[in-house]
Structures are given as C-alpha cells and as structure tokens.
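Observations on the three-dimensional arrangement
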Amino acid sequence: MDSTTRGRLIALAREAAGKAHAPYSRFHVGCAVMAADGSVATGANMENACYRLGLCAEQSALTAAQHAFGLAAITHVVVAGGPMTGGGIAGDDIITPCGGCRQAIAEAASLSGRDIVVISASATGSEVLETTISQLLPHGFGADVLPG
Ligand SMILES: [Zn+2]
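Below: a short report on this structure. (Residues numbered from 1 in each chain as written. Predicted model: local features only at pLDDT ≥ 70, side-chain atom pairs only at ≥ 80, totals over all residues. Heavy atoms only, no water.)

On to the pattern of salt bridges. Tallied over the full model, the rule gives two salt bridges. Between E130 and R6 there is a salt bridge, with its nearest N and O atoms 2.7 Å apart. Note that E130 is positioned in strand β6 (residues 128-132) and R6 in helix α1 (residues 3-17), a separation of 124 residues in sequence. Judged by its relative accessible area of 26%, R6 falls in the partly exposed class. The salt bridge partner of E15 is K19, with a shortest N-O separation of 3.8 Å. (Salt bridge = Lys/Arg side-chain N within 4 Å of Asp/Glu carboxyl O. Helix = DSSP H or I, 4+ residues; strand = E, 2+ residues; numbered from the N terminus. Buried < 20%, exposed > 50% of the residue type's maximum accessible area, 1.4 Å probe, protein only.)

Here the focus is the side chain of H76. Its location among the elements puts H76 in strand β3 (residues 74-85). Under the relative-accessibility criterion, H76 is labelled buried at 13%. Reaching out from H76, the side chain makes a polar contact with the side chain of T75 at a distance of 2.8 Å. Every residue in contact with H76, bar those within four places of it in the chain, is listed here: M1, A32, V33, M34, I116, V117 and I119. (Polar contact = N/O pair within 3.5 Å; in protein donor to acceptor, adjacent residues only side chain to side chain. Contact = heavy atoms within 4.5 Å.)

For the zinc ion, every protein donor is listed as C56 (SG), C98 (SG) and C101 (SG), and the spread of their distances is 2.2 to 2.3 Å. When the donor residues of the zinc ion are listed from N- to C-terminus, their spacing reads C-x41-C-x2-C. Within this pair, whereas C56 is found in the loop between β2 (40-44) and α2 (57-68), its partner C98 is found in the loop between β4 (88-89) and α3 (99-112), the two being separated by 42 residues in sequence. Take C98: its relative accessible area is 36%, and that puts it in the partly exposed class. (Donors = N, O, S within 2.8 Å, 3.2 Å for Na, K, Ca; no water.)

On to the packing of aromatic side chains, then. Taken as a whole, this structure holds one aromatic pair when the rule is applied. Consider the rings of Y24 and Y51, whose centres lie 5.5 Å apart with planes at 45°: the pair is tilted. Of this pair, Y24 sits in the loop between α1 and β1 (27-35) while Y51 sits in the loop between β2 and α2, placing them 27 residues apart in sequence. Overall, Y24 belongs to the partly exposed group, its relative accessible area being 41%. (Phe/Tyr/Trp six-rings, centres within 6.5 Å; stacked < 30°, edge-to-face > 60°.)

Note on placement: V145 falls in the segment after α4 (133-136). Overall, the relative accessible area of 54% leaves V145 in the exposed class. A sequence separation of 143 residues divides V145 from D2, and the C-alpha atoms of the two residues are 36 Å apart.

The buried fraction of strand β5 (residues 117-122) is high, at six of six residues. Because side chains alternate across β5, one face comprises the buried residues V117, I119 and A121, and the other comprises V118, S120 and S122, equally buried. Both β3 and β5 contribute to a ladder of six bridges, which runs parallel. Directly across from H76, in β5, lies its bridge partner V117. Sheet topology places β5 next to β6; five bridges connect them, and they run antiparallel. In the strand pairing of β6, S120 is matched with L129. Here β5 hands over to β6 after five residues, with G125 in that stretch at a positive phi of 80°. (Pairing = 2+ DSSP bridges.)

Pasting the structure below:
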C-alpha cells in the first residue's frame, strides 16, 4: 500500500472516531475497512447505558463493509482512536483491535483466503503499527475446524 492510501485510510478511521457514541468511556475509536477495489467502509464504537451491549469500531465497520462490498473483499483494516478531549481525540498510544475484533477480522480473512493487513494508529495518527491478522491472532479458531 502506498503512503498516500495509508494516510487516507488513517484519516478516515480518525474521522470515524469522531462519530463514535462513547459517552461513558469517552474513548473514541474509528475503523476504516478497505476492499480489493479500493472501496472503503467505516465504523466507530457504539456504547450503551447497558455497558455490556457496547460495540467496537472494528465490528461496526465490518458490518458496514459486509453490506457495502462483502467481507470476502476486505484487504485492509485500519483502526485509530483515543480519549476524547475538547479538541478531538488525543494521544500517541497505538490502538490495536481487541481479541474479539481480531476474531471477527479473522472470519473475513477466512472468507477471502488472504491475510488481511491491519494498520493500528494513535489518535493523532503520529504512531502507526502495520501487522496482519495472522500475526495478531496466531493459531486462531476458524470455520475450518467445524463439522460440515
Ligand atoms: Zn473490539
């Protein structure tokens, strides 16, 4: 991926974080998911007064991606986030997908047969870690072990 595309996807993830519904934690996370044809779907975390019903940005974006172009088309997942301050999300700590989201990304990877690139960025975009889902979730559980 060229640096322009990478920068655009990080910007989209950061923009999506600004649209999170996170009144309880005030920790906003955004995610941009790109398909092989360059199409992008975004999502953000959605909290709920019943805390356990909260939804991560990655799963929100994966749902949008499924509707826009299908999970099997995904090549890249980009996540960025941090605590919301008066001037927007802040912080230089890299945000990586949680364990549950790694499993959801692995599901998409199993559909496509490709190792999805996962780019994790800080709130400001100043710090970036590029990995793959197989690196983030080694020896993961997948449909290949289910009967049928
Ligand atoms: Zn998550």
